[in-house]
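Descriptive analysis of the structure
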Amino acid sequence: MAKFTYKAHDIQQEWCKGCGICVHFCPKKVLELNEKNKVFVAHPDKCIACRMCEFRCPDLAIEVIVEKNNDP
Amino acid sequence: MSVKKFIRERFFPHIWCQGCGHGIVLNAMLRALSALGISKNEIVVVSGIGCSARISGYVDFHTLHTLHGRALAFATGVKMSLPGLNVIVPMGDGDALAIGGNHFIHAARRNIDMTAIVMNNRIYGMTGGQFSPLTGYGMKATTAPYKNIDHDFDIAELSRAAGASYVARTTTYHVQQLTEMIKEAILHDGFSVVEVLSQCPTNFGRRNKMGGAVEMMESYKSLTTPIGSKAKQENPALIERGVFVQRELPEYCSEYNAIIEKLKKGTEK
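To keep things clear, this report deals only with the structure shown in the data block. In this text the structure is predicted, and so the values were computed from the model without any measurement.

1. As for the overall build of chain B
A tally of helices and strands in chain B yields eleven helices and eight strands. Its C-alpha atoms give chain B a radius of gyration of 19 Å, near enough to 18 Å, the size a compact globule of 269 residues would have. Each principal axis of the C-alpha atoms in chain B carries an extent, and together these give about 70 × 45 × 35 Å. Taken across its 269 residues, chain B has 54% of its residues classed as buried. Counting every atom, chain B has about 11,800 Å² of accessible surface; 55% of that belongs to carbon and sulfur. Charge separation in chain B, taken as the distance between the mean sites of 29 positive and 23 negative side-chain charges, equals 5 Å.

In structure tokens:
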């Protein structure tokens, strides 16, 4: 069982500059850029809560809200 | 874990270009500080001039935005007067090693307890893409349109030779390693250097046909290797990343304090 469960992405779109780093490096291709070149969550069901988009965002625009799993 | 408690939100979105690596360094630095749990009041961020130096305006600690290349000199003053503070000096490659080259080697030689984060984007980005001491042989810049004939420094080797007691290198692609290194560097008692290869897609990548931020970060994955790996022996052109130096040496402020204590005793007799 994974350490964290995905809850939601908290994206501050006005801070996003559309560099596409999060989109490219997401291992599950959860994120996409919209017609205004801002990131949005296209496939939330695929997210594994690794939070690499949050760590690599140069604009501090992404936060992945997760829930810590209790040990079985 | 949100890093928003550590930033001055009124200055966001920041001025850095789309895909600039400096934002990733800022992100990692805030995560490292958050994980260490140091009080905001005990952190001082001192920076010089350049894109990288803008970091001090965005973080909600004690900050000093000082002269070009002289950040380490100001930081030395801060640390000497209040040695209990954690002093972090984010610098660009030109700021640290061209304009501030002397301050850099002498701060390292003294082994004063502070953390220098050198964001190496291999160019003077803010002023329009002039070549820096880290641009490297054969690369293009606005001031080297027919390719650069200067060779670059090896920051890790330079810092080791100058006497730094903690030296590490990583890239903006390897963010988790970057956060760990900044944490270690802050905890280390002595002069710590963390070199981060940071992409400048606007003024370095575009001029050298390296693609955008994503392609430059992909190249960090393929052009670097952990220290002492087999891949490095097979291909010496690879850039090593990891901790190069971690040694215990007398720290400057404690040595200075020891002299004060000794002389106090001397006058009491």
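Having put the structure on the table, let's press on.
2. A short note on the layout of surface pockets
All names here are of chain B. In this model, the largest pocket occupies a volume close to 560 Å³. Those elements giving two or more residues to the lining of the largest pocket turn out to be α6 (155-162), β6 (191-197), α9 (213-223) and β8 (239-246). By residue number, the principal contributor to the lining of the largest pocket is α9, which donates four residues. Considered class by class, the residues forming the lining of the largest pocket number 15 nonpolar, six polar and eight charged.

3. Considering the packing of helix α5 (residues 101-110) of chain B against α6(B)
Residues and elements named next belong to chain B. Between α5 and α6, the shortest axis-to-axis distance is 8 Å and the interhelical angle comes to 50 degrees. It follows from the interaxial angle that α5 and α6 lie oblique. The residues of α6 that touch α5, namely those facing Phe-104, Ile-105, Ala-108 and Arg-109, are Leu-158, Ser-159 and Ala-162.

4. A word on the interface of chain A and chain B
Counting residues at the interface gives 21 residues for chain A, matched by 29 residues for chain B. Carbon and sulfur atoms supply 59% of the area that chain A and chain B bury against each other, a total of about 2,100 Å² over both sides. Taken as a group, A:Trp15, A:Lys17 and A:Leu60 account for 31% of the area that chain A buries against chain B, more than any other trio of residues on that side. There are one salt bridge connecting chain A and chain B. B:Arg31 is the partner of A:Glu54 in a salt bridge, and the nearest nitrogen-oxygen pair spans 3.1 Å. Viewed at the interface, chain B and chain A are joined by 13 residue pairs in polar contact (both at pLDDT 80 or more). For the side of chain A that touches chain B, the leading source of residues is helix α2 (residues 52-56) of chain A, giving four residues. Each residue belonging to the side of chain A that touches chain B can be placed in one class, and the counts come to nine nonpolar, five polar and seven charged.

Criteria and thresholds
- Residues numbered from 1 in each chain as written.
- Chains lettered and ligands numbered in written order.
- Predicted model: local features only at pLDDT ≥ 70, side-chain atom pairs only at ≥ 80, totals over all residues.
- Heavy atoms only, no water.
- Helix = DSSP H or I, 4+ residues; strand = E, 2+ residues; numbered from the N terminus.
- Rg over C-alpha atoms; globule rule 2.2 N^0.38 Å.
- Buried < 20%, exposed > 50% of the residue type's maximum accessible area, 1.4 Å probe, protein only.
- Areas by Shrake-Rupley, 256 points an atom, 1.4 Å probe, with all protein chains shown as cover.
- Lys, Arg positive; Asp, Glu negative; His and termini not counted.
- Charge placed at Lys NZ, Arg CZ, Asp CG, Glu CD.
- 1 Å grid on protein atoms, 1.4 Å probe; cavity = no way out; pocket = protein on both sides within 12 Å on 5 of 7 lines; lining within 4 Å.
- Points joined across faces, edges and corners; volume = space filled by probe spheres on them.
- Nonpolar A, V, L, I, M, F, W, Y, C, P; charged D, E, K, R; others polar.
- Axes fitted to C-alpha atoms, helices over the stretch in contact; angles between N-to-C directions.
- Parallel < 35°, antiparallel > 145°, perpendicular 65-115°, else oblique.
- Contact = heavy atoms within 4.5 Å.
- Buried area = accessible area lost by both parts, 1.4 Å probe.
- Salt bridge = Lys/Arg side-chain N within 4 Å of Asp/Glu carboxyl O.
- Polar contact = N/O pair within 3.5 Å; in protein donor to acceptor, adjacent residues only side chain to side chain.

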